[in-house]
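# Topology and contacts: notes
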Amino acid sequence: MSDSLNIADIRKRLNAQNGKAYWRSLDELADTEEFRSFLEQEFPRQAAPLEGSFQRRDFLKLLGASLALAGLTACARPVPAGEKIVPYVRQPEQIIPGRPLFFASAMNHGGYGEGVLVESHQGRPTKVEGNPDHPASLGATGVAAQASVLTLYDPERSQAVISDGSDRTWEEFSEALSSALAETDNGSGLRLLTENVTSPTLARQIERLLEQYPEAVWHQYDASRSDQLLEGTRLAFGEPLMPAFDFANTGVVVSLDADFTNDYPGRLRYARAFADRRRVHEADSDPGRFYAFESSPTPTGSISDHRIPLGPGQIGDLIAVLAARLGVEAPERELPSAVSEPLFEALLEDLQGAGDRALLVPGQYLPAQVQALVHAINDTLGAGGNTVRFLQPAGTAPTPGGQSLAQLTEAMNAGNVSVLAMLGVNPVYSAPVALGFGEALARVPFSVHLGIYADETAEIATWHVPEAHFLETWSDTRAFDGTATITQPLISTFYGGRSHHELLAALAGDAEPTSYELVRSYWSDQVEGAFEEFWRQAVYGGVIAGSASPVATPTVQAFEVELPEPSQELTVSFRPDPTIGDGRWANNGWLQELPKPFTKLTWDNAALVSPATAEELGVNNGDVVTLTADDRSVEAPIWVLPGQARGTVTVHLGYGRGRAGRIGSGIGFDANALRPADGAWTAPVSVEKTGGRYKLVSTQPHHNLNGTGEERHIIRAGTVAEFRDEPEHPHFVHPVAHHESNLYPDYVYDSYAWGMVIDMNVCTGCNACVVACQSENNVPIVGKDQVAVGREMHWLRIDNYHAGDIDDPEYFHQPMLCQHCEQAPCEPVCPVGATVHDNEGLNTMVYNRCVGTRYCSNNCPYKVRRYNFLQYAELSNTATELSLASNPDVTVRSRGVMEKCSFCVQRIAKARIDAETEDRRIADGEVVTACQAACPTRAIVFGDLNDSSAAVSRLKLSPLNYQLLAELNTKPRNTYLARVKNPHPQLVSEEAGAH
Amino acid sequence: MSDAVMEADTRNRGLYGLVAEFDSAEEILVAAEATSQAGYSRTDAYTPFAVEGLDDKLGMKPTRLGWIMLLAGTAGGFLGFFMQWYANVVHYPLNIGGRPFNSWPNFVVITFEVTVLVSAFTVGLVMLARNGLPRPYHPIFNTPNFENATRDKFFLCIEARDEKFDLTATRRFLEELAPTRVSMVER
Amino acid sequence: MTVRKGSRPPFRETNRVIGRGQSYGTVDDVVDAPVLTEPRATPAWWFVGMLLALAFLGMYLGTIVYLITTGIGIFGNNIPVAWGFPIINFVWWIGIGHAGTLISAALLLFRQPWRTSINRFAEAMTIFAVVCAGLYPILHLGRPWVFYWLLPYPNTMGLWPQFRSPLDWDLFAISTYASVSILFWYVGLIPDLATLRDRARNKGLKLLYAVLCLGWNNSTKAWQRYMRAYLLLAAISFPLVLSVHSTIAMDFAFSQVPGWNNTIMPPYFVAGAVFAGFAMVLILAIPLRKAFGLEKLITMRHLDNSAKLMLATGLIVVYGYVIELFIAWYSGAEFERFMAYNRVFGADHWWAFWLLILCNFVAIQPLWLLRVRQSPIALFIISVIVSIGMWLERFVIISITLTKDFLLSSWHDYQATVFDWSLYLGSFGLFATLFFLFIRVLPSIATTEMKELVHHDAHHGSDYFEKIRAKETGLEVDG
């Protein structure tokens, strides 16, 4: 480092300055000669092989660039003076180095809050867990929450107020703002654009702003959720209501394109409840029956008893026919051909049989009218008020969102908008291109964009203000059921962002507001009496008791239903991307590399078509086609997805970003270009082959269990009936007799014996565990090109298989992690003893002893070992701000060493220390692995097999428990519970199980 | 002690021996036989290649290298196995894939290889040592035309140390064997 | 086999173990000439060859530098195919080495006089091949700079290498093999070095050889011990050479991977090694004898016998293929069966299997014919084909097998990168460089042993086997 740059003295030079000057000087710095040589020295040529055709994805360069900044950034600046944040379990004064603190907060998903507990190491948030006390979480999280810490530290977040391309200060902005506002007489021309507002404080601020400026108008837009849900209830009951389902009470559940465990307000709660209802451990347990009609495979549908691929249009028809048969007034329709007569009859029989224990769940992306029809059917069945109740919506909405954006665009085009404030939205990208929001926005003389990134909207808006990440600021939010949570900052604004509250205050004329005061003042008005006590409790527990919305008892009113005429032409249906949503998480490497459910695609979106449709179109994976709807068209690569509804093309939003950052920009295609201006979720489309090819990268090329796959007995599945025939020893669980015989005596584990059971019956393949593992264990990302050659690093992957008819297959998810075999094949072949067993039966990996022969991986029948072919750790998430998201309890692996799942040994160690200090054994449930904690359906159970009362030990006794590849005699500590379906008896012959 | 002997003794000081040069392996075999029959014991022959049977003819005892190798090999084998046993059972026992610490079948290969290594090197090095190699100087090289001992000439040497050695008598004896020449070789 | 009278091919060269009219002296002159020529007098082709070799060596070293600085990610390896070209090349090179030891050790024990004129450079070939081979396992490590952790010593934490691992067995087997081969080779060289010492005119050269031969003086006592030691070394090298490739075979046999854990692996690998080894012997011998005019020492007889051994071992290898497939079917284990199917008909790599059948089975069939075995050109071509075939065999066994193992979810294809190739082709540069140096500074034929043969020949005439063979085939025996 002699001739090149010395971190220490840069830090000195920079500490001399502060605030924005600090960042500016870094930019200057970035041009100096020494800086470049420093970069050269720090960027390893290692980066070279990761380059290639996908330059933009060569984000490693960028991370390297921020590597220079990394050394300079003080980790966590203390929370501003006078603002007291309250730890979840321990008092801050009890901080013990190495002991993380947990703070309750909440993160919005699809506009509604989901409670989280955030792990903080010395003031540095590193991991997000679910808040067990929060009704919308119950301890689970979704993928976005798990990955949010990475976004928090993302060096590409916008870091300064920007106006026409140059950095400004907040003061300059508020001056400009007030002068702009001064010109509007009581707010005519002032427009406000937000997402769904579930923050009571924000709602009141907006309310007051609108009082202050009576002429001002408030618009909403959120591409990551569908407002049709509330529209549907408004149609059916006359007022917008939030449906709340009670699965515990159901006998028959029918999903109508509803991914209610994964993409639905209240999804995590539903996932838990539904899984508990569906669980089968003993022969006498009754899982009820679950039919899923869906246009594209969803995690929810994949655990159904009967899954019928059905295009959105036909789902409408089906509901109409169903309604008619159940005596609900509905338009004349034919039963869609994809729904066989016997199946329909069975469905009908089940529904009528179940009566008020039946439940039809309308998909939130279905047209409002169809959803209304579903509510009517539920009502007729008596389900309404029983298995489904209705709550006052938690959000405060001015007018239906999609329309509202259209009105705003109109107004802008008409020149009626002089001041526009956009809070945490990116309509220039996420609105349908046909709407022409961007061009309209360019006409607005004063527009301000508040966003985490300086994105497409920031580029056009006259002002951009960096937004504070939810872990950086005080706020509050309501869950889908109205339960309010006060979100507390775990770290003061890392890149100098501002909260929504602060911007609104600025609009209202308050120059230097703080979110803390704004939130406190709101709640102090809500509670009478001991506010401090209330505040402490609220912040501490992450839940404000009794804040849930009141239950409404609506009655179905007459409404018009107009279904589109059944047509044979192709339909395209739009969905937020399963990992990066509507694009808001596009710059999050973890989410980009997270294999999408079913397709296992990474770093891309694709046009999903069924095998039959692909045949008709003469296309195959990777063929580029032109999708055309009216005058709108976009080029997209094809991915053939078994189980996709015939004649339906599903495309995901969130890709084709222009200004997402080095990771998220320019990958995939922008489905918004195809979307109708009115924001409809489906559209008729024509598909044309361009002859071009595009390289799509999937982490799992082989899914089909037919043929050799079946012979391998990887997935064991049967039916409840079969199970009842052989309650002790079901043949489908043990298709081949396996006699254990050993050359050597068994090793005795007398202290603890850690083991895991994964229930394939309730695993929906939602991916939460995968990101949780990545976050907990500092698993690096490697980029598309490395994934393409089979070098992804996920310690925990979800194997996805399908069996039976390729167009209408059964789906199975099998979370695959190190099985911790007692007779591990990987261990005897390691020449240096880098992977050995500990006395608690963990198959441990000694990174610093590993020389990297990779023999262990060859000999691992489960192929769960991951290898650092290059310096991934350095290239992807260490030695940069991103390294702050790393878990200090887990070693960061260097190039050339093998790594794999450790059963979260760091958590076991922590529990052991606690237990030993209190001189007791570790209690059951005291050690919870990251994947287990995140799992919304509690499919993963972990514990001590030597403790016969432990949940895991009891599950191991279930007749459904089986070892994968038992014939190899590896004695895995991780076992699976076979899938048990409960098909309608009359349909069993028709749906011969795969096994 | 007789004067003659004392005189011979003084004359022989500085003399290594008498060397007879032959043209073929056949001739030297005959000569060797005669020499040992004549009772000379401190003799040696120098030939371009190992002439079959020449060592018997010169009355040399067979070498014991074979036994040395057997010992070395056995020792090596024990060493090899002991190392593995000690490392796995005594010094640093580890649970490797549930195998017992002394899973001897896994130790066979290395035991064998160490056996081979030790025995091979013992043989090679002992052979050199017993031949006194490496050796920068040897009086025999003073023999005229000796460079052809590595080409196509065969030399028979009776060393002066031999009790029966008598300059004149031995020279006469050698000349009777019809060599191409007989030469006195200095130490 | 017999050849019909009249169809006797026109023999231009002698089929005797040693050409007529050889005396002790002429052997020296012929063999030592290339070694003792003045540097200026070195033939031009040597410089050309050396230059080419150095070019490839440069590529090799270049690749290594990039490899060390970047990581083995520059190769095509992935999960599940964690072993690719480096291991294939390792097994291939080590196999080639075996012929040398077999010729010098086994044939010595079996008293095959014809080995004499080819054992020296065959042993050299062994050593150089082992050098090329031995580097790969180190280079393919994720952290090559700590390869010494495999050596048998306790580290500061008292941790030893994991002796149960076949990779550690490899370390022992290969290092033993290398050092014993070098010892055997050097011991064999000592008398010839003495000869060179006496032939050399140039003072410096003389001194060099004098030092190298340790002052060897041809005394009968020395010869006695020497011959015994040499025989014993041969005796120990024979089981050693068998053990080495068996051990390497156990890298696979020891594992659980379908297509790897077969008990047939060790013998089948050894046969393959000898097969490939004799192919390489021919590839080297045929040009060498031409270049140095050694036709009368390395005669058609040697080529012919090597060819026969190649044919025999080749057929054993093919038997191995058949048994492998049969066992896969017979085992009834789906994984084994699918693996076999995948190797033979798999969509991605079926060509590799059929190509190797072409190279290792079809291509050697002409060797049944006398006139083919009597044609150096034909032998040379066949040997090259066989070498390619044996490389393909390892490719199929190692990499193709790994692409599809137990769980369908983790199947993944394997594609080699340019660096895989440059490290492979580069190793030829290393081998050739060493070999060119060898033929320039050391006698490529064991002269003392040849003299023994001349002596033997003069008394008992051509050896017994040759007489019988001559009767059968009506080949010339006495010139």
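Residues numbered from 1 in each chain as written. Chains lettered and ligands numbered in written order. Predicted model: local features only at pLDDT ≥ 70, side-chain atom pairs only at ≥ 80, totals over all residues. Heavy atoms only, no water.

### Re the pattern of salt bridges
- For the coordinates displayed, the defined rule picks out 54 salt bridges over all chains.
- In this structure, the salt-bridge partner of Asp-914 of chain A is Arg-99 of chain A, at a minimum N-O distance of 2.4 Å. Here Arg-99 of chain A lies in the loop between α5 (59–70) and β1 (101–109) and Asp-914 of chain A lies in helix α29 (residues 905–917), a separation of 815 residues in the sequence.
- Residue Lys-404 of chain C pairs with Asp-348 of chain C through a salt bridge whose shortest N-O separation is 3.9 Å. Taken together, the residues span a long stretch of sequence, with Lys-404 of chain C in the loop between α13 (376–403) and α14 (418–441) and Asp-348 of chain C in the loop between α10 (334–345) and α11 (350–362) at a distance of 56 residues.
- Owing to a relative accessible area of 13%, Lys-404 of chain C belongs among the buried residues under this scheme.
- Owing to a relative accessible area of 38%, Asp-348 of chain C belongs among the partly exposed residues under this scheme.
- Salt bridges sharing partners connect three or more residues here, namely Lys-127, Glu-129, Glu-776 and Arg-907 of chain A. (Salt bridge = Lys/Arg side-chain N within 4 Å of Asp/Glu carboxyl O. Helix = DSSP H or I, 4+ residues; strand = E, 2+ residues; numbered from the N terminus. Buried < 20%, exposed > 50% of the residue type's maximum accessible area, 1.4 Å probe, protein only.)

### Some remarks on the interface of chain C and chain B
- At the interface, 58 residues of chain C touch 65 residues of chain B.
- On the chain C side of the interface with chain B, the three residues burying the most area are Arg-164, Thr-220 and Arg-225 of chain C, jointly 15% of the side's total.
- Inspection of the chain C/chain B interface yields 0 salt bridges.
- Joining chain C to chain B, the criterion identifies 24 residue pairs in polar contact (both at pLDDT 80 or more).
- Elements represented by at least two residues in the side of chain C that touches chain B include exactly α1 (24–36), α5 (166–199), α7 (220–253) and α15 (447–460) of chain C.
- Within the side of chain C that touches chain B, the residues separate by chemical class into 29 nonpolar, 17 polar and 12 charged. (Contact = heavy atoms within 4.5 Å. Buried area = accessible area lost by both parts, 1.4 Å probe. Polar contact = N/O pair within 3.5 Å; in protein donor to acceptor, adjacent residues only side chain to side chain. Nonpolar A, V, L, I, M, F, W, Y, C, P; charged D, E, K, R; others polar.)

### Overview of the environment of Trp-45 of chain C
All names here are of chain C.
- On the secondary structure map, Trp-45 appears in helix α2 (residues 44–70).
- Separated by 246 residues in the primary sequence, Trp-45 and Ala-291 place their C-alpha atoms 8.8 Å from one another.
- Excluding residues that lie within four positions of it along the chain, Trp-45 makes contacts with Ala-291, Phe-292, Phe-436 and Ile-439.

### Some thoughts on the side chain of Arg-657 of chain A
All names here are of chain A.
- Relative to the assigned elements, Arg-657 resides in the loop between β25 (648–652) and β26 (682–684).
- Of note is the side chain of Arg-657, whose polar atom sits 2.5 Å from the backbone oxygen of Gly-583.
- What Arg-657 contacts, discounting residues up to four positions off in sequence, is Asn-426, Tyr-429, Asp-455, Glu-456, Gly-583, Arg-584, Ala-586, Gly-664, Ser-665, Gly-666 and Ile-667.

### A look at the interface of chain C and chain A
- The interface of chain C with chain A comprises 55 residues on the first partner and 60 residues on the second.
- Carbon and sulfur atoms make up 58% of the area that chain C and chain A hide from each other, which totals about 4700 Å².
- Counting the surface chain C buries against chain A, the share from its top three residues, Ile-79, Leu-407 and Leu-408 of chain C, is 16%.
- The interface formed by chain C and chain A contains 1 salt bridge.
- Breaking the side of chain C that touches chain A down by element, the ones donating at least two residues are α2, α5, α7 and α10 of chain C.
- By residue number, the principal contributor to the side of chain C that touches chain A is α2 of chain C, which donates 5 residues.
- Here the side of chain C that touches chain A is built from residues that sort into 31 nonpolar, 17 polar and 7 charged.

### Here we look at the sheet that holds strand β37 (residues 940–944) of chain A
Residues and elements named next belong to chain A.
- Spatially, the 4 strands line up as an open sheet ordered β37-β30-β39-β38, and their pairing is mixed. The outermost strands of the open sheet, each flanked by one partner alone, are β37 and β38 (961–962).
- Sheet topology places strand β30 (residues 754–759) next to strand β39 (residues 974–977); 4 bridges connect them, and they run parallel. Paired with Val-757 across the bridge in β39 is Thr-975. (Pairing = 2+ DSSP bridges.)

### Remarks on the packing of helix α8 (residues 200–212) of chain A against helix α19 (residues 515–526) of chain A
Residue and element names in this part refer to chain A.
- The contact between α8 and α19 brings their axes to 9 Å, and the two run at 90°. Compared by their axis directions, α8 and α19 come out roughly perpendicular. Contacts from Pro-200, Thr-201, Arg-204, Gln-205 and Arg-208 of α8 reach α19 at Leu-518, Val-519, Ser-521, Tyr-522, Trp-523 and Asp-525.
- A class-by-class count of the residues in the contact of α8 with α19 yields 5 nonpolar, 3 polar and 3 charged. (Axes fitted to C-alpha atoms, helices over the stretch in contact; angles between N-to-C directions. Parallel < 35°, antiparallel > 145°, perpendicular 65-115°, else oblique.)

Nothing here speaks to function; it is all geometry.
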